[in-house]
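# An overview of the molecular structure
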Amino acid sequence: MTSPQTPTTAEELRGAGLRVTAARVALLETVREGDHLGVEAIASGVRDRVGHISLQAVYEALHALTTAGLVRRIEPPGSPARFEGRVGDNHHHLVCRSCSAVLDVDCAVGHAPCLTASDDRGFAIDEAEVIYWGLCPDCSTARTA
């Protein structure tokens, strides 16, 4: 019995109803290989793969990929937008107040912090976005040293 093959980046783009271009393939792969990258870092990664691309084209492609659900945009308050390839699992983030590092953390469980709205006001809630703020281990160690 053969296991199902993972779709290629081009097949994922087509499956999401998007036109396949070298820039979109490079962008999606850059985001997935990166770690909560900002637009400038994504543009640099795409340029390393395919040559010149305008910042406007990167913004437009990120918008299309985010709308299609292939990329997730996060915007911790006070920080520029960042993008990640981990989508569809409602995970949360840890953000360092000092160096702005962003790390994934799986959904919170248990009683606190509460992820069930006290009054959903008729909404069909399907996602809770939580950002845990603090100091990463490196910044915490540096601060106590």
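Just above, that's the structure.
Rules and cut-offs
- Residues numbered from 1 in each chain as written.
- Predicted model: local features only at pLDDT ≥ 70, side-chain atom pairs only at ≥ 80, totals over all residues.
- Heavy atoms only, no water.
- Helix = DSSP H or I, 4+ residues; strand = E, 2+ residues; numbered from the N terminus.
- Expected span 1.5 Å × (residues − 1).
- Buried < 20%, exposed > 50% of the residue type's maximum accessible area, 1.4 Å probe, protein only.
- Arc of directions from axis to C-beta.
- Contact = heavy atoms within 4.5 Å.
- Axes fitted to C-alpha atoms, helices over the stretch in contact; angles between N-to-C directions.
- Parallel < 35°, antiparallel > 145°, perpendicular 65-115°, else oblique.
- Left-handed = near helix turned anticlockwise from the far one by under 90°.
- Nonpolar A, V, L, I, M, F, W, Y, C, P; charged D, E, K, R; others polar.
- Salt bridge = Lys/Arg side-chain N within 4 Å of Asp/Glu carboxyl O.
- Core = buried A, V, L, I, M, F, W, Y, C linked by side-chain atoms within 4.5 Å.
- Pairing = 2+ DSSP bridges.

Another aspect to go through is helix H4 (residues 55-67). Taking 1.5 Å of rise per residue, the 13 residues of H4 would be expected to cover 18 Å, and the 18 Å separating its terminal C-alpha atoms lies within 8% of that figure. For H4, the complete set of buried residues consists of Val 58, Ala 61, Leu 62, Ala 64 and Leu 65. The arc that holds every buried residue of H4, seen down its axis, measures 165°, which confines them to one face. Projecting away from the buried face of H4 at angles above 90 degrees are the exposed residues His 63 and Thr 67. Tucked inside the fold, the buried residues of H4 contact helix H1 (9-15), helix H2 (22-33), helix H3 (39-50) and strand S2 (82-84). In the stretch just after H4, Gly 69 is the one whose phi turns positive, near 80°.

The contact between H2 and H3 brings their axes to 9 Å, and the two run at 125°. Accordingly, the angle class assigned to the pair H2 and H3 is oblique. The element H2 and its partner H3 pack so that their crossing is right-handed. Where H2 abuts H3, its residues Ala 22, Ala 23, Ala 26, Leu 27, Glu 29, Thr 30, Val 31 and Glu 33 lie against Ile 42, Gly 45, Val 46, Arg 49 and Val 50. A class-by-class count of the residues in the contact of H2 with H3 yields eight nonpolar, two polar and three charged.

Let's shift gears to the pattern of salt bridges. If you walk through the whole model with that rule in mind, you get eight salt bridges. Here Arg 86 ties to Asp 89 by a salt bridge, and the two come within 2.5 Å at their closest N and O atoms. On the basis of relative accessibility, which here comes to 28%, the residue Arg 86 falls in the partly exposed class. When salt bridges with common partners are traced through the structure, they connect Arg 86, Asp 89, Asp 104 and Asp 106 into a single cluster.

Membership of the largest hydrophobic core comes to 22 residues, with the highest contact counts inside it found for Leu 27, Ile 42, Val 58, Leu 62, Leu 65 and Phe 83. Those elements that place two or more of their residues in this core are H2, H3 and H4. Those residues in contact with Leu 27 that sit more than four places away from it in its chain are Ile 42, Val 46, Val 58, Ala 61, Leu 62 and Leu 65.

Moving on, we get to the packing of H2 against H4. At a minimum axis separation of 10 Å, H2 and H4 run at an interaxial angle of 70°. As summarised for this structure, H2 and H4 are arranged roughly perpendicular, according to the angle between their axes. Seen from H2, the contacting residues are Arg 24, Leu 27, Leu 28 and Val 31; seen from H4, they are Val 58, Ala 61, Leu 62, Ala 64 and Leu 65. Partitioned by chemical class, the residues of the contact of H2 with H4 number eight nonpolar, no polar and one charged.

The strand order across the open sheet formed by three strands is S4-S3-S5, and the pairing between neighbours is mixed. In the strand order of this sheet, the two ends are held by strand S4 (102-105) and strand S5 (131-134), each with one partner. On average, each strand axis in the sheet is tilted by 25° relative to the strand beside it, whichever way the strands run.

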